[in-house]
Amino acid sequence: MEAGNNVYSNLISIIVPIYNGQDYIDRCVRSILAQTYSDWELLLLDGASSDKSPELCNEWQEKDGRIRAILFDKNRGVSEGRNQGLREAKGAYLMFVDVDDWLLPDCLQRLYDDVQKPDVQIAGCSFKKCTDKDWEEQNLNEYKIEASTLNSTTASPLETELSATRLIAGKDFLREGILNHDTRCWSKLYKRQVIEGHFFNEDYTIGEDMLFVWDVTRDAKLISSSQYEGYCYYHNENGAMLKRFRESDIDQIRCWKFLLEQLQEENNKEENEKKEKCDTSVNYSINVIGKTASILLISCMLVAGKLAILPAKERKQYVHIRRQCSNVLKETLNIEGAYEGLDKSYCFKVRFFNRFPDLYLGLYHILKRKR
């Protein structure tokens, strides 16, 4: 990652990739303008939107000198937008925000304060799922309330509990963060030195967040993880994870399979080194591999479920996807601990799909139609 100009020591660079986001841009930008921490730059990276997004980006750039509109001539996906943002960023700190999401007014300040702690190189907060109604209520009430409570010298026990933070060593974040559902690149503030040289894999459209976070956190000394819900995740019924089946849905399997293979390779290397040293200690990464395998099995079932919803004639067009799901699932079932990470429902689904994949898809389709 190379900044085009000098890096500014307290500046937070906020990277927002956009494609046809005209309905959300104003909301996202307004939430950043409302931040109590004001030393930021906002990079609006538009991927050749066919709606009014480019015009809105330019309008915001004219209104506030901290905002930069970066317009592409082609849409190459959210990963390329984020990667270009990493190249353009001038800040000593970087943050990713999706265009349909927004921040509470003190989000940047809290993350900035957390990342100042000794050896902390990444600070993350929790998030809450929000709707358009939530934005309307926050815009009228919560923004004013938050500003008035920031100067309070005492916090209630509930507030203290909700904003509690814990410190996680970078080498442990896979086990304690990623494998416990914290795969998101957003809602985190990164110091430039830990994110330097890391980019999103542009070959994936789903799961690229997880691989990026895994790659970056391994280089971090400490990650601060707060329960404070400062990031508002827009629950969009038309979002990528909720749309009808697309062939690119297989990417979530590819990403977890890639991670699993990397962990197995690293584990084998460690085991060989231990044998040379006659070290008989147990390698905890075996448990990590088993948990990763469980998530890969779930990913296979999620893709199979989306495939099953399609009408039978259309489903036949994606026989190769069904076979990929089946093949990966069969391979993964041989990994120690893969089953242990599944609840009873998924254990049943995995066994059924493994033995009778086409029957499973047909029955799943019927059940979904009845609901």
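For clarity, every value in this text was computed on a predicted model and none was experimentally measured.

J.: Any chance you could explain the pairing of strand S2 (residues 40–46) here in plain terms?
T.: Note on strand geometry: in a regular strand, side chains alternate between the two faces of the sheet. Most of S2 is tucked away: seven of the seven residues are buried. Here seven bridges tie strand S1 (residues 8–18) to S2, and the two strands are oriented parallel to one another. Bridging from a neighbouring strand, Ser13 pairs with Glu41 of S2. In the classification by handedness, the crossover that spans S1, the intervening helix H1 (residues 25–33) and the parallel S2 is right-handed. Pairing analysis gives five bridges linking S2 to strand S3 (residues 67–71), with the strands arranged parallel. Among the inter-strand pairings, Asp46 is bridged to a residue of S3, identified as Leu71.

J.: Help me understand helix H15 (residues 357–370), please; the structure alone is not making it clear to me.
T.: Working note: α-helix, 3.6 residues per turn, so residues spaced by three or four point in the same direction. Between its first and last C-alpha atoms H15 spans 20 Å; for 14 residues at 1.5 Å apiece the expected length is 20 Å, and the two agree. Those residues of H15 that fall on the buried side of the exposure criterion are Pro357, Tyr360, Leu361 and His365. For H15, the angular spread of buried residues about the axis comes to 130 degrees, placing them on one side. Exposed residues on H15 whose side chains face more than 90 degrees from its buried face are Leu367 and Lys370. As for H15, its buried residues are in contact with helix H11 (285–309), helix H12 (312–315), helix H13 (319–333) and helix H14 (344–355).

J.: Got a minute to help me understand the packing of H11 against H14 in this structure?
T.: Two quantities define a packed helix pair, namely the angle between the helix axes and the distance between the axes. Here H11 crosses H14 at 70 degrees, and the two axes come no closer than 10 Å. Between H11 and H14, the angle falls in the class roughly perpendicular. Like other packed secondary-structure pairs, H11 and H14 cross with a definite hand, here left-handed. Only Tyr346, Lys349, Val350 and Phe353 of H14 make contact with H11, whose side of the interface consists of Leu297, Ile298, Met301, Leu302 and Ala304. Residue classes in the contact of H11 with H14 are distributed as eight nonpolar, no polar and one charged.

J.: Mind showing me how you'd approach the packing of aromatic side chains here?
T.: Think of a pair of aromatic rings as described by two things: how far the centres are apart, and how the planes are tilted against each other in angle. For the coordinates displayed, the defined rule picks out 19 aromatic pairs. Ring centres of Tyr24 and Tyr234 lie 5.4 Å apart, and the angle between their planes is 55 degrees; this geometry places the pair in the tilted category. You can see Tyr24 sitting in the loop between S1 and H1 and its partner Tyr234 sitting in strand S9 (residues 222–234), a full 210 residues away along the chain. Across the pair, Tyr234 and Tyr24 agree in class, each one buried. Members of the aromatic cluster, each reached through a chain of ring pairs, are Phe348, Phe352, Phe353, Phe356, Tyr360 and Tyr364. Geometry around Tyr234 places Arg27 over its ring, the cationic atom sitting 4.6 Å from the centre.

J.: I would appreciate a short explanation of the side chain of Asp51 in the present structure.
T.: Here Asp51 is to be found in the loop between S2 and helix H2 (53–63). Of the side chains with opposite charge, Lys52 comes closest to the buried, unpaired Asp51, at an N-O distance of 9.6 Å. Among the polar contacts listed, one links the side chain of Asp51 to the backbone nitrogen of Gly21, at a separation of 3.4 Å. In this structure the side chain of Asp51 is engaged in a polar contact, spanning 2.8 Å, whose partner is the side chain of Ser53.

J.: Could you clarify how one ought to interpret the packing of H11 against H13 in this entry?
T.: Two numbers describe how H11 lies on H13: the axes approach to 10 Å, and their chain directions differ by 160 degrees. On the basis of their axis angle, the class for H11 and H13 is roughly antiparallel. Here H11 runs over H13; the crossing is left-handed. Contacts between H11 and H13 pair Ala293, Leu296, Leu297, Cys300, Met301, Val303, Ala304 and Leu307 from the former with Ile321, Arg322, Cys325, Val328, Leu329, Thr332 and Leu333 from the latter. Of the residues in the contact of H11 with H13, the class split is 13 nonpolar, one polar and one charged.

Reading guide: rules and limits
- Residues numbered from 1 in each chain as written.
- Predicted model: local features only at pLDDT ≥ 70, side-chain atom pairs only at ≥ 80, totals over all residues.
- Heavy atoms only, no water.
- Buried < 20%, exposed > 50% of the residue type's maximum accessible area, 1.4 Å probe, protein only.
- Helix = DSSP H or I, 4+ residues; strand = E, 2+ residues; numbered from the N terminus.
- Pairing = 2+ DSSP bridges.
- Right-handed = clockwise from strand over helix to strand, strands pointing away.
- Expected span 1.5 Å × (residues − 1).
- Arc of directions from axis to C-beta.
- Contact = heavy atoms within 4.5 Å.
- Axes fitted to C-alpha atoms, helices over the stretch in contact; angles between N-to-C directions.
- Parallel < 35°, antiparallel > 145°, perpendicular 65-115°, else oblique.
- Left-handed = near helix turned anticlockwise from the far one by under 90°.
- Nonpolar A, V, L, I, M, F, W, Y, C, P; charged D, E, K, R; others polar.
- Phe/Tyr/Trp six-rings, centres within 6.5 Å; stacked < 30°, edge-to-face > 60°.
- Lys NZ or Arg CZ within 6 Å of the ring centre and 35° of its normal.
- Lys, Arg positive; Asp, Glu negative; His and termini not counted.
- Salt bridge = Lys/Arg side-chain N within 4 Å of Asp/Glu carboxyl O.
- Polar contact = N/O pair within 3.5 Å; in protein donor to acceptor, adjacent residues only side chain to side chain.

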